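A look at the structure
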Amino acid sequence: MPKVILLFCSMSGNTEEMAEIIESNINNHGLEVHTFQIDMDDAMATDLLDYDAILFGTYTWGDGDIPYEVEDFYDDMEDIDLTGKVVALFGSCDSMYPNYGGAIETFSERFKERGASNVLYHLKVDLTPDQDDVERCQKFADDFVEQLHMYAE
Ligand SMILES: Cc1cc2nc3c(=O)[nH]c(=O)nc-3n(C[C@H](O)[C@H](O)[C@H](O)COP(=O)(O)O)c2cc1C
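Here we summarise the structure given alongside this text. (Residues numbered from 1 in each chain as written. Predicted model: local features only at pLDDT ≥ 70, side-chain atom pairs only at ≥ 80, totals over all residues. Heavy atoms only, no water.)

Close contacts around the ligand come from 20 residues, with Ser10, Met11, Ser12, Gly64 and Ser92 the closest. In the environment of the ligand, an oxygen atom lies 2.6 Å from a nitrogen or oxygen atom belonging to the side chain of serine 10. Between an oxygen atom of the ligand and a side-chain N or O atom of serine 12, the distance comes to 2.6 Å. Considered on its own, the ligand offers 650 Å² of accessible surface; in the complex 86% of this is hidden by protein. When residues of the shell around the ligand are traced back to their parent elements, those giving at least two are α1 (14-28) and β4 (86-93). Across the shell around the ligand, the residue classes break down as 7 nonpolar, 11 polar and 2 charged. (Near = heavy atom within 4 Å. Polar contact = N/O pair within 3.5 Å; in protein donor to acceptor, adjacent residues only side chain to side chain. Areas by Shrake-Rupley, 256 points an atom, 1.4 Å probe, with all protein chains shown as cover. Helix = DSSP H or I, 4+ residues; strand = E, 2+ residues; numbered from the N terminus. Nonpolar A, V, L, I, M, F, W, Y, C, P; charged D, E, K, R; others polar.)

In this section: the packing of aromatic side chains. The tally for this structure, following the rule as stated, stands at 6 aromatic pairs. Ring centres of phenylalanine 56 and phenylalanine 111 lie 5.7 Å apart, and the angle between their planes is 65°; this geometry places the pair in the edge-to-face category. Placement of the pair is phenylalanine 56 in strand β3 (residues 53-57) and phenylalanine 111 in helix α3 (residues 102-113), with a sequence separation of 55 residues. The class of phenylalanine 56 is buried, set by a relative accessible area of 0%. For phenylalanine 111, a relative accessible area of 0% gives the class buried. Consider the rings of phenylalanine 90 and phenylalanine 140, whose centres lie 5.9 Å apart with planes at 70°: the pair is edge-to-face. Placement of the pair is phenylalanine 90 in strand β4 and phenylalanine 140 in helix α4 (residues 131-152), with a sequence separation of 50 residues. Judged by its relative accessible area of 0%, phenylalanine 90 falls in the buried class. Its end group placed over the ring of tyrosine 51, lysine 3 keeps NZ or CZ at 5.0 Å from the ring centre. The ring of tyrosine 74 is capped by arginine 110, whose NZ or CZ atom sits 4.1 Å from the centre of that ring. (Phe/Tyr/Trp six-rings, centres within 6.5 Å; stacked < 30°, edge-to-face > 60°. Buried < 20%, exposed > 50% of the residue type's maximum accessible area, 1.4 Å probe, protein only. Lys NZ or Arg CZ within 6 Å of the ring centre and 35° of its normal.)

Quick look at the pattern of salt bridges now. Where charged atoms from two side chains of opposite charge come close, those side chains can pair. Considering all chains together, one arrives at 5 salt bridges under this definition. A salt bridge links arginine 136 to aspartate 133; the shortest N-O distance between them is 2.8 Å. In this pair, arginine 136 and aspartate 133 are both assigned in helix α4, 3 residues apart and thus about one turn of the helix distant. Using a relative accessible area of 36% as the deciding quantity, one classes arginine 136 as partly exposed. In this structure, the salt-bridge partner of aspartate 143 is lysine 139, at a minimum N-O distance of 2.8 Å. (Salt bridge = Lys/Arg side-chain N within 4 Å of Asp/Glu carboxyl O.)

This is the structure:
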């Protein structure tokens, strides 16, 4: 059974809502997920090493920037080898900003740099998830589980 970690940060709760939908859908597939809110829980970049699969959620700040509360986590990722990990990223963004969901792209590049060859999709939701977005989150989780089984074979 693959070990799955879900890490996220969220200022006003939108990315957190996505994380909850994704977690519950992955649980529905019979997989256990260990979930951490980066700024609240004691989650460190080295924790990633203990898992086969990583779900990473972040909102975007400033001008397409990563939020300050994940800056240390981002920097600490520099020293870890994520070869072979299956990764998918998600987050709430705001289409009023020119750099829509830039933090997701930045983290995606970081995961790739660190050797996570299977960086899958990015799910971006505009502000608070509406009913369509809830379904997109559910599908995102379904696809993730499918990919996990594929890579595990
Ligand atoms: C000061 C500020 C800057 C922001 N900059 C961006 C941005 O560059 N790109 C973007 O897509 N969203 C940007 N956002 C929007 C947030 O990412 C969006 O509100 C998101 O829903 C917050 O997610 P959360 O509820 O999980 O904290 C910005 C929001 C604020 C308050």
